[in-house]
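Residue-level structural notes
Take a look at the letters that make up each chain.
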Amino acid sequence: MKKDLLSEYDLERADFESIFEGAHRLKRLLREGKEHHLLKGKTLGMIFDKSSTRTRISFEVGMFQLGGVSLFLSNRDTQLGRGEIIADSARIMSRYLNGIMIRTFSQESVEEFARHATIPVINGLTDLLHPCQLLSDLFTIIEKRGAYEGLKVAYVGDGNNMANSWINAAAKLPFHLDLACPDGYDPDVAILKRGIAEAPAGVVLHRDPAEAVRDADVVYTDVWVSMGQEAEREEKMKRFQGYQVNRALIDRAKKDVLVMHCLPAHRGEEITAEVIDGPRSVIIDEAENRLHVQKAVMAILMR
Ligand code: CP
Ligand code: NVA
């Protein structure tokens, strides 16, 4: 595995598998109350330029459970937030810390940070990608279905960071990915093109959500207005009508479909409360798995 986790596309199939195996083992050890201090004495810096509930808590708690400590570095408090350049920040932080998690806007900033850092850098979400979430989603699917091979995942909604991450994963792993996005809200063009060209099982972009979810094993959605897009809210609310994951839509998927959402959700917008709280939803397990999967990622990269 590479030094950093910046994109799912940097992972080979064997890397995905070792993360999933590690997560499975660490989850069991935690459940059994057994100590697993794989990162004893190690430190993780967590740079946040955007809000977070799950990512912050799961990394912080995960680091504690692994025997290390974490530092919450909000852009309101660091010199990075006042304009100290990325290269200097990355080099200095590498002298204090054993790993860095970054949640920010541009993917390029995270990549630049990683180029200058001598320690592992983990992407905790950018406007382009959300690899930690994607790994937890796939791990959840494996837990619920035994495997992802041959399954059909339908992504309905905005062609955002989650959609791009799903396409990257489908470029590497043999599951079918059918997306439905409104015209003008497609995933990243380069990622989509590459995904369609390279996906072992296939990536298809639809306009009609009903087409995308037909016989799907997993129906996935995410907010219509991502962090940083608040000004587009009114326009997006109009353009995304018809893309809601509701009872009528999931009835078109397989009977035992798994409904997934990275959270936070806007109930009544991209998904109904009835579906999110319904029997097909696995979103709470999915959120819990952020902890186990990220612990595995940190243990692999930072040991
Ligand atoms: N899904 C996710 O990353 O949640 P947070 O924004 O709460 O971290
Ligand atoms: N697409 C969402 C995901 C939040 C975890 C956002 O970027 O805000």
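Quick summary incoming for the structure in this document. Remember, it's a predicted structure, so these values are computed and weren't measured experimentally.

In the structure shown here, the tally under the stated rule is 26 salt bridges. We note a salt bridge from R247 to E274, for which the minimum N-O separation is 2.8 Å. Of this pair, R247 sits in helix α10 (residues 247-250) while E274 sits in helix α11 (residues 273-276), and the two are 27 residues apart along the sequence. The class for R247 is partly exposed, based on a relative accessible area of 48%. The closest approach of N and O atoms between D277 and R267, which form a salt bridge, is 2.7 Å. Residue D277 is found in the loop between α11 and α12 (283-302), and its partner R267 is found in the loop between β9 (258-261) and α11; the two are separated by 10 residues along the sequence. Its relative accessible area of 47% is what places R267 among the partly exposed residues. One connected set of salt bridges, linked through shared partners, spans K27, R31, E143 and E288.

Tracing the chain through its elements places R252 in the loop between α10 and β9. Of the residues examined, R252 reaches a relative accessible area of 49% and is grouped as partly exposed. For the pair formed by R252 and D215, sequence separation is 37 residues and the distance between their alpha carbons is 6.4 Å. When near neighbours in sequence (up to four residues on either side) are disregarded, R252 contacts A210, V213, R214 and D215.

Criteria and cut-off values
- Residues numbered from 1 in each chain as written.
- Chains lettered and ligands numbered in written order.
- Predicted model: local features only at pLDDT ≥ 70, side-chain atom pairs only at ≥ 80, totals over all residues.
- Heavy atoms only, no water.
- Salt bridge = Lys/Arg side-chain N within 4 Å of Asp/Glu carboxyl O.
- Helix = DSSP H or I, 4+ residues; strand = E, 2+ residues; numbered from the N terminus.
- Buried < 20%, exposed > 50% of the residue type's maximum accessible area, 1.4 Å probe, protein only.
- Contact = heavy atoms within 4.5 Å.

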